[in-house]
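So you can see what is in the structure, the chains are spelled out below.
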Amino acid sequence: MAFALPSLPARRVAARPGQILAVTLIALFLAIFLVIPAGTVIYTAFTEKGTGALTAVNFIDFFRTDLFRRSFFNSVYVSAMSVVWASAIALPLAVLTTRFDFRGSLIIQTLGFVPLIMPPFVGAVAMQLLFGRNGTVNLLFNDWFGFRIPFMEGLNGVIFVQSLHYFPFILINLSTSLRNIDRSMEEAAQNLGSSGMRLFRRIVFPLAMPGYLAGASLVFVKVFDDLATPLLLNVKDMLAPQAYLRVTSVGLTDPMGYVISVILIVVSIFAMWLSAVAMRGKDYATTQRGGGGLSRRKLGLWESVLAYGVVGLILLLVLSPHIGLLMLSFATVWSFSPLPDAVTLAHYGRVFGESSLYIKNTLIYATLAGLIDVVGGGAIAYLVLRTKIVGRRWLDWAATSALAIPGVVLGIGYLRTFYGVSLPDGTPLATLWVMVVLALAIRRLPYALRACYAALQQVSESLEEAAENLGATKQRTIRRIVLPLMTGGLLAGFVTSFSTAAVELSATLMLIQSNSDAPLAYGLYVFMQSPAGRGPGAALGVIAVVMVALCTLLSHYVIERRQKALGIGK
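These numbers were taken from a predicted model, which means no experiment stands behind them. (Residues numbered from 1 in each chain as written. Predicted model: local features only at pLDDT ≥ 70, side-chain atom pairs only at ≥ 80, totals over all residues. Heavy atoms only, no water.)

On to the overall build of the chain. Along its length, the chain carries 26 helices and zero strands. The buried share of the chain, taken over its 570 residues, is 49%. Long-range pairs, those at least 24 residues apart, make up 76% of the contacts in the chain with a sequence separation of at least 6. (Helix = DSSP H or I, 4+ residues; strand = E, 2+ residues; numbered from the N terminus. Buried < 20%, exposed > 50% of the residue type's maximum accessible area, 1.4 Å probe, protein only. Contact = heavy atoms within 4.5 Å.)

So, on to helix H7 (residues 155–179). End to end, H7 covers 35 Å across 25 residues, agreeing with the expected 36 Å (1.5 Å per residue, within 8%). Helix geometry: H7 is bent most strongly at Leu 164, by close to 40°, with proline Pro 168 lying one to four residues after it. (Expected span 1.5 Å × (residues − 1). Bend = angle between axes of the 7 residues up to and from the residue.)

Right, let's get into the packing of aromatic side chains. Taken as a whole, this structure holds 24 aromatic pairs when the rule is applied. Considering the side-chain rings of Phe 270 and Trp 273, the 5.7 Å spacing of their centres and the 35° angle between planes classify their relative orientation as tilted. With Phe 270 and Trp 273 both in helix H13 (residues 255–279) and three residues apart, this pair spans about one turn of that helix. Classification of Trp 273 as partly exposed rests on a relative accessible area of 45%. Ring pairs connect the aromatic residues Phe 62, Phe 63, Phe 68, Phe 72 and Phe 73, which therefore count as one cluster. The ring of Tyr 453 is capped by Arg 450, whose NZ or CZ atom sits 5.1 Å from the centre of that ring. (Phe/Tyr/Trp six-rings, centres within 6.5 Å; stacked < 30°, edge-to-face > 60°. Lys NZ or Arg CZ within 6 Å of the ring centre and 35° of its normal.)

This paragraph deals with the side chain of Ser 329. With respect to the helices, strands and loops of the structure, Ser 329 is situated in helix H15 (residues 320–330). Judged by its relative accessible area of 0%, Ser 329 falls in the buried class. Looking at Ser 329, its side chain comes within polar contact range of the main-chain oxygen of Leu 326, at 2.6 Å. Setting aside chain neighbours within four positions, we find Ser 329 in contact with Thr 344, His 347, Tyr 348, Gly 535, Ala 538, Ala 539 and Val 542. (Polar contact = N/O pair within 3.5 Å; in protein donor to acceptor, adjacent residues only side chain to side chain.)

With that settled, the discussion passes to a nonpolar patch on the surface. A cluster of nonpolar side chains, namely Leu 21, Leu 25, Leu 28, Ile 32 and Ile 36, defines an oily patch on the protein surface of about 450 Å² accessible area. Topologically, Ile 36 is positioned in helix H1 (residues 17–45). Look at Ile 36 and you get partly exposed, because its relative accessible area is 42%. (Patch = residues over 30% accessible without salt bridge, like charges linked within 9 Å, V, L, I, M, F, W, Y side chains within 5 Å. Areas by Shrake-Rupley, 256 points an atom, 1.4 Å probe, with all protein chains shown as cover. Salt bridge = Lys/Arg side-chain N within 4 Å of Asp/Glu carboxyl O.)

Below, the discussion takes up the pattern of salt bridges. Within the structure shown, the criterion is met by seven salt bridges. Residue Asp 237 pairs with Arg 70 through a salt bridge whose shortest N-O separation is 3.5 Å. One end of the pair, Asp 237, is in the loop between helix H11 (228–232) and helix H12 (239–250); the other, Arg 70, is in helix H3 (residues 66–99), with 167 residues separating them in the sequence. The exposure class assigned to Asp 237 is partly exposed, which follows from its relative accessible area of 24%. By sharing partners, the salt bridges in this structure join Asp 66, Arg 69, Arg 70 and Asp 237 into a single network.

Okay, the nonpolar core next. Membership of the largest hydrophobic core comes to 165 residues, with the highest contact counts inside it found for Phe 62, Phe 121, Val 408 and Tyr 414. At 14 residues, helix H20 (residues 433–457) tops the list of elements feeding residues into this core. Setting aside anything within four residues of it in sequence, one finds Val 408 in contact with Leu 227, Ala 240, Ala 243, Tyr 244, Leu 264, Ser 506, Ala 507 and Met 510. (Core = buried A, V, L, I, M, F, W, Y, C linked by side-chain atoms within 4.5 Å.)

Applying the stated criterion across every chain, the model contains two cavities of 30 Å³ or more. Lining the largest cavity, in full, are Pro 115, Met 118, Pro 120, Gly 123, Ala 124, Val 161, Leu 164, His 165, Val 318, Pro 321 and His 322. Counting residues per element, the ones that place at least two in the lining of the largest cavity are helix H5 (120–131), H7 and H15. Its volume calculated, the second largest cavity comes out at about 50 Å³. Along the walls of the second largest cavity sit Thr 362, Tyr 365, Ala 366, Leu 440, Ala 501, Ala 502, Glu 504, Thr 508, Pro 519 and Ala 521, which together make up its complete lining. Tallied by class, residues from the lining of the second largest cavity come to seven nonpolar, two polar and one charged. (1 Å grid on protein atoms, 1.4 Å probe; cavity = no way out; pocket = protein on both sides within 12 Å on 5 of 7 lines; lining within 4 Å. Points joined across faces, edges and corners; volume = space filled by probe spheres on them. Nonpolar A, V, L, I, M, F, W, Y, C, P; charged D, E, K, R; others polar.)

Another point: the confidence of the model for the chain. Low-pLDDT stretches of the model should not have their predicted coordinates read in fine detail. Residues with a pLDDT of 70 or more make up 87% of the chain, whose mean pLDDT is 82. A low-confidence stretch, residues 1–13 (pLDDT under 50), is modelled with 15 contacts involving residues beyond four sequence positions or located in other chains. Within the model, pLDDT remains below 50 along residues 289–294, and this stretch shows 21 contacts once partners closer than five positions in the same chain are excluded. (pLDDT = per-residue confidence, 0-100.)

What follows deals with the packing of helix H17 (residues 356–386) against H20. Two numbers describe how H17 lies on H20: the axes approach to 6 Å, and their chain directions differ by 40°. The angle between the axes of H17 and H20 places the two elements in the oblique class. Classified by chirality, the crossing of H20 by H17 is right-handed. When its residues are assigned to classes, the contact of H17 with H20 shows 24 nonpolar, four polar and three charged. (Axes fitted to C-alpha atoms, helices over the stretch in contact; angles between N-to-C directions. Parallel < 35°, antiparallel > 145°, perpendicular 65-115°, else oblique. Left-handed = near helix turned anticlockwise from the far one by under 90°.)

As a further point, take unusual backbone geometry. Of note, the phi angle at Asn 234 is positive, near 60°, even though the residue is not glycine. Topologically, Asn 234 is positioned in the loop between H11 and H12. Residue classification places Asn 234 among the exposed residues on the basis of a relative accessible area of 58%.

Moving on, we come to the environment of Leu 432. Within the secondary structure layout, Leu 432 lies in the loop between helix H19 (407–418) and H20. The partly exposed category is assigned to Leu 432, whose relative accessible area is 26%. C-alpha separation for the pair Leu 432 and Asp 517, spaced 85 residues apart in sequence, amounts to 8.3 Å. With residues up to four places along the chain from it excluded, the contact list for Leu 432 reads Leu 423 and Thr 427.

If you want it as structure tokens, here you go:
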């Protein structure tokens, strides 16, 4: 008796014309606007100026030049110390809010996320007024105790600002890892006599190491690649500022700007690889996620007082850039005094009167970049998870590789690649505002892709198969079944891309050629260059923070409404 083998669904075996077209278009997009610009930067770094011959002499010259060597080591030092101080801020908050019965833990976690919605270079100006040599804190210290602390001097200032801005990466990842630990393992360790710091050091923290390393590597890479914060603090002997200064002052033909760009890429990739190697060969798995015997430990009276004191001090420090920015936006004069001399609304009037173009451009650029990312990220996620088409994994890897390309490097790559391409009227392609949109979209594509990927993973294929069995076409199934169920992930991806693109400066600073095309982040940078413009710049910064915060809150509201409508989380 013969038995018929069940046939596999055709969509998992043979590629449809629409899928082939989607792969082709996405591959072309990534090749033209990511691979070729980055490859051009790398190729130019290995060519001799004038002759175009391949050579390694540019890199030899780099390490022979004292300024470049110092910039390299300064960048590594600042990034490493930012990780150390960010860890010192994030660790107490993560442990107290996840391992103890700590009232207000949700509010603390939410406030801990707030620094990410403000560009670090904006906070740098406010931090100068609060913690600079003649800032509020040092003026009080000098009056009361007769000394000043160099919080914001040189590299210290960059480390201070970056630590306060990027510590949420460690807080978010570490808190998630701590919540997922099987607490019965702690109970077993306690039964064997372990407790206190020994228990945390030998059991709890090692099990949370994947989350910590994920956050720490992100902090290192973000700080290493940051351009605007060192420039605003007048710290120019770091790699990213040197790359920008070489291209803008010497020109696109100078090989050193490209050499620095390659080093920025290599170190970023190396940092991510090192974090993966640190976890290789070790087992962090637990039998339960967040379950087990131990409940959250209650704090005693004095423990509570100490814990709330530490948390209050940390949050005051973390929110100080926002407080300083808000005060500066209302200040008439704030110089050599602990507080502003008087209050005014003139800065907001000037911003709405003269700088509304920045806001309009930002809304256009960030919206278009977010839409590109959601469409591209959703398409890549679908191709990877729902098809077997050749090359789909390469699309995923290529899109994700944008994380390792600093904004200043991408901007340099666009200038080198597209400046020689002219429109019929002679306008270089690299000077068009649409290139800013494309750079923002490429920079934020990995975030939207991960959100879409996670959303599609939660959509069962059986729902699509049932729809097709009832006669629905593939396009109708995607439109009526898949996309509605992915709404939350698509919206999360859009909001993440929008909110981060709205305050992106590194790539924007390289590409903006006309003030009429400038977005909000560029306007902020220009305002903050002069003392007279810092009041309006602070007002513009407050508007940027409010805009990003409202988008984030709106996305949470829509996602919650969507989950209730679908009956999730009941």
